[in-house]
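Descriptive structure summary
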Amino acid sequence: MITELKRRFPLLLRLAVHLGGILPLVFLVRDALTDNLTVNPYQKAEQRTGETALVLLLFSLACTPLNILFGFSRAVKHRRTLGLYAFFYASLHLFIFSVLDYGLDWEIIWDTVLENRYIFVGLAAFLCLLALAVTSFRWWMKRMGKNWTRLHRVVYLAGGLAILHLAWVIKGDVLGLAGNVGKPILYGTILAVLLVVRIPPIRRTIVQFRREIQHRTAGTIKPPIREYRELP
Amino acid sequence: MKKYTFISDIPSSEITPEAMYHSRRRFIKLAGLAGAAAVLSACGVRQEEATPATVPDVSSMETGLVDELGDPANSFEDITNYNNYYEFTMVKEGVASMVDKLVTSPWQVEVSGLVQKPTTFDVEDILKRFPAEERVYRLRCVEGWSMVIPWGGFPLSKLLAEVEPMGSAKYVKFTSASIPDQMPGVASPFFPWPYTEGLRIDEAMNDLAVLVTELYGKPLPKQDGAPIRLVVPWKYGFKSAKALVKIELVENQPDTFWNTSAPNEYGFYSNVNPDVSHPRWSQATERRIGEAKRRRTLMFNGYTDQVASLYTGMDLAQNY
């Protein structure tokens, strides 16, 4: 049974990734059709799609640290899928805001964008994700070479901007730890940890430490574990 | 059927399925309100003594209630299922199912401070002494949504007259209930509990500042601030404190809940003003709950004629 699970694990992981990407949409559509999005449905849908995009982006950003911390190299294969799902929900979020909520009334939208810095940073995060999504395919990866890696570091910026977007939209003061600040603090902390783990000296230390522990517990010297390298 | 959350302990088997609910609405329209009462009791909706009555839906379509601008009142269901009440939860649609535990009777309101006759009123006495008048007012939330709500209440000035404010009283401070074992939200360390609000004394004396005890002619539901709340319709909704336990007359401008939480974002006045943005959000438009398109927000929430004179000579961008 356990060996069977182990054999099937790659498939199960892939399935979990896709379920995580698709189920939030299924639930959103279900709640929209059954009138379960509160009496202010556009706002609720905006909040749900926005949070889903952020969580999926954090999952995407967690893949590499999972490999660094636990040697879970398989996670790295799912970075792009999770990132694309995050982009999908970010697009849906923008669509609901501009088309459904503001009815493509450009006069009102323009006023709103000018007066709301959270929309600026949200839009900036979206543009980052757009650039990454467009260039996420192998063809671009090959074509861009080293620049591709450089460009795709923008994902960290997108994560930071998305959290700032959330921190500025809630009622309260995140830095003052006052108000409705639980979520921005939670997601911000997660993002910070995920980023710190990647800092080269810290990453090297962690990888070395992990290998030592693995060797000691195994009692034998194993062949060196393939270390994850930046793609391509 | 999560949406229809009633206060009383109706077994889920007795909650009307949606299809039947809609046919009932059509039927109610035909039968009129008189018939509706009979239908509702036949459906098994019980009226409880301790908790406010919970008639599921008395929408404007049946009552024809409109505000003075001609906009229809939001339904009872809208008003009782979308509440900012952080003492319970920050989830607006989640408040209705959490308020059961709150004990609103007996309830006392202390009126004290710079007054000749400090008094602690039983809410029952208040209800008898100050009969509720119907007040259909717009409520504009600082979050950018609004409703038209048929409150029942009486001018705050009447209660203040009872206790005879001293000349030195310049402000009125309101304190809401904060009961940890009944209100789980007050455990949050990020807020300065209890909820407090304040008005300048002349604002408090304005006829639009009311103490509300009813909604749609029924006792005020708990999620809307039972048993007694403040309603100040020309200010953002958070100024209208719920479940009042204390009203104090004071000399200096009191600290308020949101002003303490984020001073540069929530001013003491917090008058509805489309031209003065919240530092992070535009206040130019709002979504009227139930409408497809956004509306332009009105100065003083449309009550300029009644309240603008309170602020002559004041820079409202400074005193936001």
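Everything discussed here concerns the structure shown above.
The numbers attached to residues start from 1 for each chain and follow its sequence in the written order. Whichever chain is written first is A, and whichever ligand is written first is 1; the rest continue in order. Two thresholds apply to this predicted model, a pLDDT of at least 70 for residue-level local features and 80 or more for giving and counting side-chain atom pairs, whereas whole-chain, interface and lining totals are computed over all residues. Only heavy atoms go into the side-chain values, all of them from the structure, while hydrogens and water stay out.

Counting from the N terminus, the helices are DSSP H or I runs at least four residues long and the strands are E runs at least two residues long. Check the secondary structure of chain B and you find 8 helices and 12 strands. Here the analysis covers contacts within chain B between residues at least 6 apart in sequence; of these, 69% occur between residues at least 24 apart. Total accessible area on chain B is roughly 13,000 Å²; 54% of this is exposed by carbon and sulfur atoms. Two residues qualify as a contact provided that any one of their heavy atoms is within 4.5 Å of a heavy atom in the partner residue. Under the convention used here, a 1.4 Å probe and the Shrake-Rupley method define accessible areas, while residue burial counts only the protein chains that appear.

Residues and elements named next belong to chain B. Two strands pair under a simple rule: DSSP has to find at least two bridges between them. Strand order in the open sheet made by the 5 strands is β2-β1-β10-β5-β6, with mixed pairing throughout. Where the open sheet ends on each side, the last strands, each with one partner, are β2 (119–122) and β6 (196–200). Within this sheet the neighbouring strands show an average axis-to-axis angle of 15 degrees, counted without direction. In this structure, strand β5 (residues 171–176) lies alongside strand β10 (residues 244–250), joined through 6 bridges in antiparallel fashion. Bridge assignment links T175 to a residue of β10, and that residue is K246. Axis geometry follows a simple rule: fit a line to the C-alpha atoms, using only the stretch in contact for helices, then measure angles between N-to-C directions, giving values from 0 to 180 degrees.

Before going further, it helps to spend a moment on the interface of chain A and chain B. Accessible area lost when the parts come together is the quantity often used to give the size of an interface. With 33 residues of chain A in contact, the opposing surface of chain B contributes 34 residues. Computed with a 1.4 Å rolling probe, the buried area is the accessible surface lost when two parts are put together, summed over both parts. Here chain A meets chain B over a buried area of about 2,900 Å², counting both sides, of which 48% is carbon and sulfur. Of all residues in chain A, the largest losses of buried area upon contact with chain B belong to V39, E115 and K171 of chain A, amounting jointly to 25% of the total for that side. Whenever Lys or Arg places a side-chain nitrogen within 4 Å of a carboxyl oxygen from Asp or Glu, that contact is recorded as a salt bridge. Applying the counting criterion to the chain A and chain B interface returns 5 salt bridges. The partner of D101 of chain A in a salt bridge is R294 of chain B, with the nearest N and O atoms 2.7 Å apart. The term polar contact refers here to a pair of N or O atoms within 3.5 Å; inside protein, the definition further demands a hydrogen-donor-capable atom paired with an acceptor-capable atom, and it admits residues adjacent in sequence only when both atoms are side-chain atoms. At the surface where chain A touches chain B, the tally comes to 9 residue pairs in polar contact (both at pLDDT 80 or more). The set of elements that each furnish at least two residues to the side of chain A that touches chain B consists of α2 (41–70), α3 (79–101), α4 (106–115), α5 (117–134), α8 (154–169), β1 (172–173), β2 (178–179) and α9 (182–196) of chain A. A total of 5 residues in the side of chain A that touches chain B trace back to one element, the largest contributor, which is α4 of chain A. Taken together, the residues of the side of chain A that touches chain B sort by class into 14 nonpolar, 10 polar and 9 charged. Throughout this entry, Asp, Glu, Lys and Arg are counted as charged residues, while Ala, Val, Leu, Ile, Met, Phe, Trp, Tyr, Cys and Pro are counted as nonpolar. The remaining residues, Gly among them, count as polar.

Here we come to a nonpolar patch on the surface. By definition, no residue in a patch forms a salt bridge, and every one has over 30% relative accessible area; like charges are joined within 9 Å, nonpolar side chains (Val, Leu, Ile, Met, Phe, Trp, Tyr) within 5 Å. Residues M1, I2, L5, L12, L15, L19, I22, L23, V26 and F27 of chain A make up a contiguous nonpolar surface patch of roughly 960 Å² in combined accessible area. Its location among the elements puts V26 of chain A in helix α1 (residues 2–33).

So, on to the packing of α2 of chain A against α9 of chain A. Residue and element names in this part refer to chain A. Packing of α2 against α9 leaves a shortest axis separation of 9 Å and a crossing angle of 20 degrees. Of the possible angle classes, the one that applies to α2 and α9 is roughly parallel. The chirality of how α2 crosses α9 is left-handed. Along its contact with α2, which presents E51, L54, V55, L58, L61, A62 and P65, the element α9 presents K183, Y187, I190, L191 and L194. Looking at the contact of α2 with α9 residue by residue, the class counts come to 10 nonpolar, no polar and 2 charged. For this classification, under 35 degrees means roughly parallel, over 145 means roughly antiparallel, 65 to 115 means roughly perpendicular, and everything else is oblique. Left-handed describes a crossing whose near helix is turned anticlockwise from the far helix by less than a right angle; the clockwise case is right-handed.

This next bit is on empty space enclosed by the protein. Residue and element names in this part refer to chain B. In the cavity and pocket records, a cavity denotes points on a 1 Å grid over the protein atoms alone where a 1.4 Å probe fits but cannot get out, a pocket denotes an open set with protein on both sides within 12 Å along at least 5 of 7 lines, and lining residues are residues with an atom within 4 Å of a point. Grid points are joined across faces, edges and corners, and a volume is the space filled by probe spheres set on the points. If you walk through the whole model with that rule in mind, you get 5 cavities of 30 Å³ or more. Taken as a whole, the largest cavity holds about 360 Å³ of empty space. Lining the largest cavity are 25 residues, and of these N84, Y85, R229, G237 and K242 lie nearest its centre. Looking at the lining of the largest cavity, the element that brings in the most residues is strand β4 (residues 145–155), giving 4 residues. Across the lining of the largest cavity, the residue classes break down as 15 nonpolar, 5 polar and 5 charged.

All names here are of chain B. Considering all chains together, one arrives at 27 salt bridges over all chains under this definition. E143 is the salt-bridge partner of K92, the closest N and O atoms lying 3.0 Å from each other. With a gap of 51 residues between them, K92 in the loop between α3 (76–80) and β1 (108–113) and E143 in the loop between β3 (133–140) and β4 connect regions that are remote in the sequence. Among the residues examined, K92 registers a relative accessible area of 9% and is labelled buried. Counted as one network, the salt bridges with shared partners bring together D71, R140, E286, R288, E291 and R295. Categorising residues by exposure relies on relative accessible area from a 1.4 Å probe, with only protein chains included: less than 20% of the type maximum marks a residue as buried, more than 50% marks it as exposed, and the intermediate range marks it as partly exposed.

Keep in mind that these numbers describe shape and distance, not what the molecule does.
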